[in-house]
Amino acid sequence: AKRELRSLFKDLSEDDTPMVRRSAARHLGRFVESVAGLTETAEELIKSGKPQQTLADENKRLVTYELVPIFQALSSDEQDSVRLLAVSCAGSVGCGLAREPGDTAEVVLPVVRGGCEDLSWRVRHNLAKVFSTVAGSLGFGSSPKSSPKQSEVFKLFAGLLQDNEAEVRASAVENIARMAQIGGADLFRKHIAPLLPALADDLVMEVRSKLAQTLMDCCDPAVCNKLSDEIVLEDFKPLLENFLNDEFAEVQLHILTKLSRVSHLLGRMDVVVSSILQMSMAQNWRVREAVGRLLPFLAEARGMSFFKEHLMEPWLKLLSDQVFNVRNACVDGMPKLLTVSGSEWVMSDLMPHYAKMHVESGSYLTRITVLRSYSSLAVKHGEDELNISPELMGEIVAILLKGLDDRVANVRMTAARGLGLVAASGQCDNGTMNAQVIPALTERIGSETDVDCKYQCQLALEAKP
């Protein structure tokens, strides 16, 4: 039955109707993976970095003698709509050949070479989208004898990065991080790094946006761990500076939302830090939100004296921003700030500003944000021990008890929820709980007219472990 299915597939791939051949080309990759007995798709295998699974000799023989000719024929089809689907299956064929350099160099590499030079931009575009999967399936990195072939693959990739069509460049750019992981620092610096400045200045926003995203992926150990800090500082830093000043917020956000991955290098990126501070006043609220999430990492990189002198003012402005997500970014950053600075600094340098905002603000939203900021310090994150001194916990309890008597129901509800977090944390001593927290919550339940507030107070009483 399997032999008959392979025969039927071969007949379909040779059909006179282009639409039928196109459908055969679309499913060729999965068909190869199935015949080869692969337990995962080629993309999953390459992305995970797992070693090639051992293939049965019979399966490999079937791929080599029955499916490779189909792959070669469809990849050279007269219809570009067929070729573009066939070349994107090159990764599956490479894995179906067990990623053996000798076989892939003879079978897959010529198809890749032809796809990169194809006159149809759609073929080049489809190949660019999966190029890192294809490059990983060739197996050239596993054999020193194949280093010239690996260099050729990177030259082909560099050609796609310089393609005349913006769609091709954008798709190729998305593969830079995984190509750096496949080839290592040397091939990256030789073939890819020289092209980055031109790509960063590309007239098409999508290319710049994809480049900003992939550069930050290069700094993510889960994606790429082959590039050193020196490469990041030398090759990436000028690009990051340009991206943060890009006219499109989408480009800026790709950097801002992931810049924490290089937070340990921010101490050596003065221009980047300066741009971040300017962007705290950006019109786009998503940019302001990203800045709010990044400021605690800046404090870690530059120290608390730098935060107090340069970051305190933008931090407090973001804390009272008109957009909830921006305020929430500052609330979420409080535990990180506590970890970096310690309880004493929070009490002496930060809490006075918060207390002043709570007293002087005419907006109940600001008071809610302040109470949520205090409450977030009592939440335990993972297995890390809370870094809260008894004095700081006393201040947290005091401001929350004050909020429990606020004239606005939403503020009272937030205070009750915060007291519940304090109780659940187990960090507040029994004396304070029994003398202040429990009596205040009990009294509020008896006098509260708002049903939701009363419910939150009851939950807080039940939260103590």
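The structure presented is a predicted model; accordingly, all values stated were derived computationally and were not measured.

Visitor: Which residues make up the state of the cysteines, and what values go with them?
Guide: This structure, assessed with the given rule, holds zero disulfides. With no disulfide of its own, Cys 453 has Cys 457 as its nearest cysteine by sulfur position, at a separation of 6.6 Å. Of the residues examined, Cys 453 reaches a relative accessible area of 1% and is grouped as buried. For Cys 457, a relative accessible area of 1% translates into the label buried.

Visitor: Tell me about the side chain of His 191, and please be specific about residues and values.
Guide: Residue placement: His 191 occurs in helix 12 (residues 176–192). Overall, the relative accessible area of 9% leaves His 191 in the buried class. Residues within four places of His 191 in sequence aside, it is in contact with Ser 151, Phe 154, Lys 155 and Ala 158.

Visitor: Account for the confidence of the model for the protein, with residues named and values stated.
Guide: Averaged over all residues, the pLDDT of the protein is 93; the fraction at 70 or higher stands at 98%. Of all the helices and strands in the protein, helix 3 (residues 42–48) carries the lowest mean pLDDT, 91, while helix 11 (residues 166–173) carries the highest, 98.

Visitor: Residues and numbers for helix 10 (residues 147–161), please.
Guide: With 15 residues, helix 10 extends 21 Å between its outermost C-alpha atoms, agreeing within 8% with the 21 Å of an ideal straight helix rising 1.5 Å per residue. Those residues of helix 10 lying buried are Gln 150, Ser 151, Val 153, Phe 154, Leu 156, Phe 157, Ala 158, Leu 160 and Leu 161. Among the structural elements, helix 7 (101–116), helix 8 (121–129), helix 9 (131–137), helix 11, helix 12 and helix 13 (196–200) are those in contact with the buried residues of helix 10.

Visitor: Give me the lowdown on the packing of aromatic side chains, citing residues and values where you can.
Guide: Applying the stated criterion across every chain yields a total of six aromatic pairs. Ring centres of Phe 188 and Phe 236 lie 6.1 Å apart, and the angle between their planes is 80°; this geometry places the pair in the edge-to-face category. Of this pair, Phe 188 sits in helix 12 while Phe 236 sits in helix 15 (residues 229–244), and the two are 48 residues apart along the sequence. Each member of the pair Phe 188 and Phe 236 is classed as buried. Aromatic pair Phe 307 and Trp 345: ring centres 5.7 Å apart, planes at 80°, arrangement edge-to-face. In this pair, Phe 307 sits in helix 19 (residues 304–319) while Trp 345 sits in helix 21 (residues 343–360), placing the two residues 38 residues apart along the sequence. For Phe 307, a relative accessible area of 0% gives the class buried. Since its relative accessible area comes to 12%, Trp 345 is described here as buried. Through a chain of ring-to-ring contacts, three or more aromatic side chains come together here, namely Phe 307, Trp 315 and Trp 345. One cation-aromatic arrangement involves Arg 302 over Phe 306; the distance from NZ or CZ to the ring centre is 5.1 Å.

Visitor: Let's hear about the pattern of salt bridges: which residues, and what values?
Guide: Between side chains of opposite charge, a pair can form when the charged atoms approach closely. According to the stated counting rule, one finds 33 salt bridges in the structure shown. In this structure, Glu 206 engages Lys 210 in a salt bridge whose closest nitrogen and oxygen atoms are separated by 3.2 Å. Of this pair, Glu 206 and Lys 210 both sit in helix 14 (residues 205–218), separated by four residues, roughly a single helical turn. The exposure class of Glu 206 is partly exposed, given its relative accessible area of 40%. When the shortest N-O distance is used, the salt bridge between Arg 412 and Glu 448 registers 2.9 Å. Of this pair, Arg 412 sits in helix 24 (residues 409–425) while Glu 448 sits in the loop between helix 25 (430–447) and helix 26 (451–462), and the two are 36 residues apart along the sequence. Judged by relative accessible area, which is 10%, Arg 412 ranks as buried. Overlapping salt bridges bring together Asp 217, Asp 220, Lys 258 and Arg 261 as one network.

Cut-off values and rules
Residues numbered from 1 in each chain as written. Predicted model: local features only at pLDDT ≥ 70, side-chain atom pairs only at ≥ 80, totals over all residues. Heavy atoms only, no water. Disulfide = S-S within 2.5 Å. Buried < 20%, exposed > 50% of the residue type's maximum accessible area, 1.4 Å probe, protein only. Helix = DSSP H or I, 4+ residues; strand = E, 2+ residues; numbered from the N terminus. Contact = heavy atoms within 4.5 Å. pLDDT = per-residue confidence, 0-100. Expected span 1.5 Å × (residues − 1). Phe/Tyr/Trp six-rings, centres within 6.5 Å; stacked < 30°, edge-to-face > 60°. Lys NZ or Arg CZ within 6 Å of the ring centre and 35° of its normal. Salt bridge = Lys/Arg side-chain N within 4 Å of Asp/Glu carboxyl O.

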